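Below, each chain spelled out in residue letters.
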Amino acid sequence: MTPLSVLDLAPIPAGGTARDALRNTLDLARRTEAAGYRRYWLAEHHLAPGVASAAPQVLIEAVAAATSRIRVGSGAVQTGHWTPLSIVEQFGTIDALHPGRIDLGLGRSGQRRAEAAARPAPPPAPAREAEVVDGLLIPAPFDFTRLAASAAFGLHGALLQQPGAESPGFAGVVDDIAALLAGTYARDGQEAHATPGEGADLALWILGSSGGESARVAGGRGLPFAANYHVSPSNVLEAVEAYRAAFRPSDVLDEPYVVVSADAVVAPTDEQARELASPYALWVHSIRSRLAAIPFPTPAQAAAHEWRPEDLDLVADRVDTQFAGAPGTVVDGLATLQRVTGADELLITTITHDHADRVRSYELLAAAWDRAASPATASPVAEPPVTVPRQARR
């Protein structure tokens, strides 16, 4: 059965604090390790009152220290905010403390911000209708250009980069990181050697939300790729297709390796799960409308909110592609996602107001996923076939 992994944002519940959220993350990491999840990734989000994972490098070390077997990593480092050397030194330090367990996932959020600021928004593309592909909902695309034109978008860029700094091209950043890790970096005849970092046993990943540069860079360099169904569900198929089309075998992988992310909430019954998931729309709306996730509401707060039609449209793609239900319901939905995308692994992100409900959701899902496995692959975290090279298996 396809392995399951965890993507955590360290969500802050309404009425809670960042301290609560970070303590919950450490507890969830221990509990999901016990449940058999393969890896535990931390996202990087800034200026969000409802998210405590603003410094994932720090949190990754804390999670690795609180666990013993599960792989821990970034989902993903926003490379436009850091130099390649700083990334390698940070993750090299973590690897020195927890050797052989750390994933370095890279994303290009900072580069996208620079691109949006450098050129006017393109004319709107022809509207693409939602469709169902072999049982999987592919919603109509969300127009991210409205966010790029917002004042909040500009403020993020001003606070996350030094004045006058420019984000380098993503492909070059990935190459520089790989060279620093391998000890082969040289510029203008001068070598550079990162300590810690050089020779670190890090698994390098690329995360992407479309069939653009991230997918092409991952494929062209023979690296594993994580496609974001939970962030940009309309683009997941083009993302994995672009990655596979660009793939070239490397010393890391002989063949493509794809992780696909998904939002999921599991409870004993469909009705209970839908209630736990009901604040999700309001939470997504805060991200889509002002780039700042609010503390995750209670179901009662969500029920009291009065929605305008245009606000519902703003969140429809994310809400309609969340998997919420009893264990069997969610297993069926995730199995469809895996089958249609051909994912080698699924990356599950679950947010509920109460921490106990979130823990239970992950535990119920792991148990149900295990039961659904065939006798030949009796564990949800069984190793992939031996033809998958070492880094992907980790």
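Coordinates for the structure precede this section.
Calculation notes
- Residues numbered from 1 in each chain as written.
- Predicted model: local features only at pLDDT ≥ 70, side-chain atom pairs only at ≥ 80, totals over all residues.
- Heavy atoms only, no water.
- Helix = DSSP H or I, 4+ residues; strand = E, 2+ residues; numbered from the N terminus.
- Contact = heavy atoms within 4.5 Å.
- 1 Å grid on protein atoms, 1.4 Å probe; cavity = no way out; pocket = protein on both sides within 12 Å on 5 of 7 lines; lining within 4 Å.
- Points joined across faces, edges and corners; volume = space filled by probe spheres on them.
- Nonpolar A, V, L, I, M, F, W, Y, C, P; charged D, E, K, R; others polar.
- Buried < 20%, exposed > 50% of the residue type's maximum accessible area, 1.4 Å probe, protein only.
- Core = buried A, V, L, I, M, F, W, Y, C linked by side-chain atoms within 4.5 Å.
- Salt bridge = Lys/Arg side-chain N within 4 Å of Asp/Glu carboxyl O.
- Axes fitted to C-alpha atoms, helices over the stretch in contact; angles between N-to-C directions.
- Parallel < 35°, antiparallel > 145°, perpendicular 65-115°, else oblique.
- Left-handed = near helix turned anticlockwise from the far one by under 90°.

Caption draft 1: Representation of the environment of histidine 285 in the model. Within the secondary structure layout, histidine 285 lies in helix 11 (residues 280–290). On a C-alpha basis, the gap between histidine 285 and leucine 314 in space is 6.8 Å, while along the polypeptide they are 29 residues apart. Beyond its immediate sequence surroundings of up to four residues, histidine 285 is in contact with Trp307, Asp311, Leu314 and Val315.

Caption draft 2: Structural context of empty space enclosed by the protein. Following the criterion strictly, the structure yields 1 cavity of 30 Å³ or more and no others. What lines the largest cavity is simply Pro11, Ile12, Pro13, Asn24, Thr352, His353, Asp354, His355 and Arg358. By residue class, the composition of the lining of the largest cavity is 3 nonpolar, 4 polar and 2 charged.

Caption draft 3: Representation of the side chain of serine 214. On the secondary structure map, serine 214 appears in helix 8 (residues 213–220). What makes serine 214 buried here is its relative accessible area of 6%. Every residue in contact with serine 214, bar those within four places of it in the chain, is listed here: Arg108, Phe170, Ile206, Leu207, Gly208 and Phe225.

Caption draft 4: Structural context of helix 9 (residues 236–246). Among the residues of helix 9, Val236, Leu237, Ala239, Val240, Ala242, Tyr243 and Ala246 are the ones counted as buried. In the core, the buried residues of helix 9 are packed alongside strand 6 (131–133), strand 7 (136–138), helix 8, strand 11 (225–228), strand 12 (258–266) and helix 14 (327–341).

Caption draft 5: Region of interest: the nonpolar core. Counting residues in each nonpolar core, the largest one holds 104 residues, and the members touching the most others are Leu106, Val260 and Leu334. A total of 8 residues in this core trace back to one element, the largest contributor, which is helix 7 (residues 170–182). Every residue in contact with valine 260, bar those within four places of it in the chain, is listed here: Ala227, Tyr229, Val236, Val240, Leu337, Thr341, Ala343, Glu345, Leu346 and Leu347. One finds Ala267, Ala273, Leu276 and Ala277 within the second-largest nonpolar core, a separate group that totals 5 residues.

Caption draft 6: Representation of the pattern of salt bridges within the structure. If you walk through the whole model with that rule in mind, you get 16 salt bridges. For arginine 31, the salt bridge identified is with aspartate 27, shortest N-O distance 3.9 Å. Remark: aspartate 27 and arginine 31 occur in helix 1 (residues 18–35); sequence separation between them is 4 residues, near one turn of the helix. We classify arginine 31 as partly exposed; its relative accessible area is 36%. The exposure class of aspartate 27 is partly exposed, given its relative accessible area of 22%. Note that aspartate 263 is salt-bridged to arginine 318, the shortest N-O span being 3.9 Å. Here arginine 318 lies in helix 13 (residues 309–320) and aspartate 263 lies in strand 12, a separation of 55 residues in the sequence. Note on aspartate 263: relative accessible area 5%, which makes it buried. Residue class for arginine 318 comes out buried when judged on its relative accessible area of 8%. Overlapping salt bridges, with partners in common, bring together Arg38, Arg39, Arg71, Asp103 and Glu345 in one network.

Caption draft 7: View of the packing of helix 14 against helix 15 (residues 355–372). Contact pair helix 14 / helix 15: the axes reach a minimum separation of 9 Å and the direction vectors enclose 65 degrees. Classified by the angle between their axes, helix 14 and helix 15 sit roughly perpendicular to one another. Considering how the two elements wind past one another, helix 14 and helix 15 form a crossing that is right-handed. Contact with helix 14, carried on its side by Pro327, Val330, Val331, Leu334 and Ala335, involves Leu364, Leu365, Ala368, Trp369, Arg371 and Ala372 of helix 15 and no other residues of that element. By residue class, the composition of the contact of helix 14 with helix 15 is 10 nonpolar, no polar and 1 charged.

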